[in-house]
Amino acid sequence: MVDPTNSDQPRGQRLRVLVVDDSELFRTGMRTLLASEGFDLADSASGEAAIRRARSFLPHVVLMDVRMPGMSGIEATRLVLEAAPGTAVMMFTGSSDCAEMLEAVRAGASGYLLKDAELTDIIKAIRATAAGHSAIAPQVAGALLANVRENLVASQRASQPGALALSRRERQVLALLAAGCDNLAIARQLYISPSTVKNHVSRLLEKLGVDNRVQAAGYAIRHGLVDAPSGPVAVAPAA
């Protein structure tokens, strides 16, 4: 989980959070818990309703269930981000299916949290997501990495255009990024300055054709551009 201690989340205003889930009991419970933490809350019972609510409520963060009747949370994520471009979506689900997680990342999700997470972790994840950070639940990261180890083959490394364009240093930065390191940690491990790391990250995003660090980490792991880390993954803030 990302620690948002140094976050640059919106100041001088309450964070607006939209809870999207087809279970009324769950929505009510989450609203009660999050309201006690000072968030401004709204909720929707479906993906379709979430799109309409996002336009009017303009949430900083959407907690989006993945599996709902009708429109899925993944499709709703794409459309919510179109309706409210300043919003960040965090998938909040009981499923640790790595294929769903990858689809959610492709749809633009900034993170993936399981519903059995501790309240303190949920609060941290919301504040971190609002500040431009991304978090992936350890259980999901483990499933994702297991899938990568089982299915990736060596030929995939050479077949990706991004892989051919990366320098040795960029591969090192990408590996540490995928392992959850922030810019300062990468700089320390590679004995370079944080500003140099930031430049490497910017070039990586451009070369891989992705928008943020969590997408870069997912791309790298999916395509075998880096070795899969053995522990939980928490992707550090955007460069």
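What counts, and where the lines are drawn
- Residues numbered from 1 in each chain as written.
- Predicted model: local features only at pLDDT ≥ 70, side-chain atom pairs only at ≥ 80, totals over all residues.
- Heavy atoms only, no water.
- Core = buried A, V, L, I, M, F, W, Y, C linked by side-chain atoms within 4.5 Å.
- Buried < 20%, exposed > 50% of the residue type's maximum accessible area, 1.4 Å probe, protein only.
- Helix = DSSP H or I, 4+ residues; strand = E, 2+ residues; numbered from the N terminus.
- Contact = heavy atoms within 4.5 Å.
- Phe/Tyr/Trp six-rings, centres within 6.5 Å; stacked < 30°, edge-to-face > 60°.
- Lys NZ or Arg CZ within 6 Å of the ring centre and 35° of its normal.
- Pairing = 2+ DSSP bridges.
- Salt bridge = Lys/Arg side-chain N within 4 Å of Asp/Glu carboxyl O.
- Arc of directions from axis to C-beta.
- Axes fitted to C-alpha atoms, helices over the stretch in contact; angles between N-to-C directions.
- Parallel < 35°, antiparallel > 145°, perpendicular 65-115°, else oblique.

Asker: Can you walk me through the nonpolar core in this structure?
Answerer: Nonpolar side chains in soluble globular proteins generally cluster together in the buried interior. Formed by 30 residues in total, the largest nonpolar core has its most connected members in L18, M64, V80 and M91. Of all the secondary structure elements, the ones that give two or more residues to this core are β1 (16–20), α2 (47–57), β3 (61–64), α3 (73–83), β4 (88–93), α4 (98–107) and β5 (111–114). With five residues, the single largest contributor to this core is α4. The contact partners of L18, leaving out residues within four places of it in the chain, are A42, D43, S44, A50, R53, A54, F57, P59, V61, V62 and L63.

Asker: Could you clarify how one ought to interpret the packing of aromatic side chains in this entry?
Answerer: We describe a pair of aromatic rings using the distance from one ring centre to the other and the angle between the two ring planes. Counted according to the given criterion, the structure contains one aromatic pair. Measuring from ring centre to ring centre gives 5.8 Å for F26 and F92, while their planes differ by 45°; the resulting arrangement is tilted. Of this pair, F26 sits in helix α1 (residues 24–35) while F92 sits in strand β4; the two residues are 66 residues apart in sequence, bridging distant segments of the chain. F92 gets classed as buried once you look at its relative accessible area, which sits at 1%. One cation-aromatic arrangement involves K115 over F26; the distance from NZ or CZ to the ring centre is 4.4 Å.

Asker: Mind showing me how you'd approach the pairing of β3 here?
Answerer: Regular strands show a simple pattern: their side chains alternate between the two faces of the sheet. Burial along β3 is two-sided: V61 and L63 and V62 and M64, pointing in opposite directions, are all buried. With four bridges joining them, β1 and β3 adopt parallel strand pairing. When the bridges of β3 are listed, V17 appears paired with V61. The sheet contact formed by β3 and β4 spans four bridges and is parallel. Across the sheet, residue M64 finds its bridge partner in β4, namely M91.

Asker: I tried to follow the pattern of salt bridges on my own but got confused; where do I start?
Answerer: Once the charged atoms of two side chains with opposite charge are near each other, the side chains can pair. Scanning the entire structure with this criterion turns up nine salt bridges. Where R106 meets E103, a salt bridge forms, and the shortest distance between an N and an O atom there is 2.5 Å. Here R106 pairs with E103, and both are found in helix α4, just three residues apart, close to one helical turn. Relative accessible area serves as the criterion here: at 44%, R106 is assigned to the partly exposed category. You can call E103 partly exposed: its relative accessible area is 32%. E170 serves as the salt-bridge partner of K207, at 2.8 Å between the closest nitrogen and oxygen. With K207 in helix α11 (residues 194–208) and E170 in helix α9 (residues 168–178), the pair connects residues that are 37 residues apart, well separated along the chain.

Asker: When you look at the environment of G94 in this model, what are you seeing that I'm missing?
Answerer: Positionally, G94 belongs in the loop between β4 and α4. C-alpha of G94 to C-alpha of K115: the two residues are 21 residues apart in sequence and 5.3 Å apart in space. Setting aside residues up to four positions removed in sequence, G94 forms contacts with L114 and K115.

Asker: Looking at this structure, I do not really get helix α10 (residues 183–190). What am I missing?
Answerer: An α-helical turn contains 3.6 residues, so any two residues separated by three or four positions project in the same direction. Among all positions in α10, only N183, I186, A187 and L190 are buried. Axial view of α10: buried residues confined to an arc of 100°, hence all on one face.

Asker: What is the right way to look at the packing of α9 against helix α12 (residues 213–222) in this model?
Answerer: Packed helix pairs are specified by the crossing angle of their axes together with the interaxial distance, meaning the distance between the axes. Viewed as axis vectors pointing N to C, α9 and α12 meet at an angle of 105°, and their least axial separation amounts to 9 Å. Compared by their axis directions, α9 and α12 come out roughly perpendicular. Two secondary-structure elements touch here, α9 through L174, L177 and A178 and α12 through R213, A216, A217, A220 and I221.

Asker: Looking at this model, I keep getting lost on unusual backbone geometry. Mind explaining?
Answerer: Negative phi characterises most residues that are not glycine, and trans characterises most peptide bonds. Notably, L58 is not glycine yet its phi reads approximately 50°, a positive angle. Checked against the element boundaries, L58 lands in the loop between α2 and β3. Residue class for L58 comes out partly exposed when judged on its relative accessible area of 45%. The backbone of Y191 shows a phi angle near 60°, a positive value even though the residue is not glycine. As for its position among the elements, Y191 is in the loop between α10 and α11. For Y191, a relative accessible area of 75% puts it in the exposed group.

Note that every value here comes from positions in space, so none of it alone points to a role or purpose.
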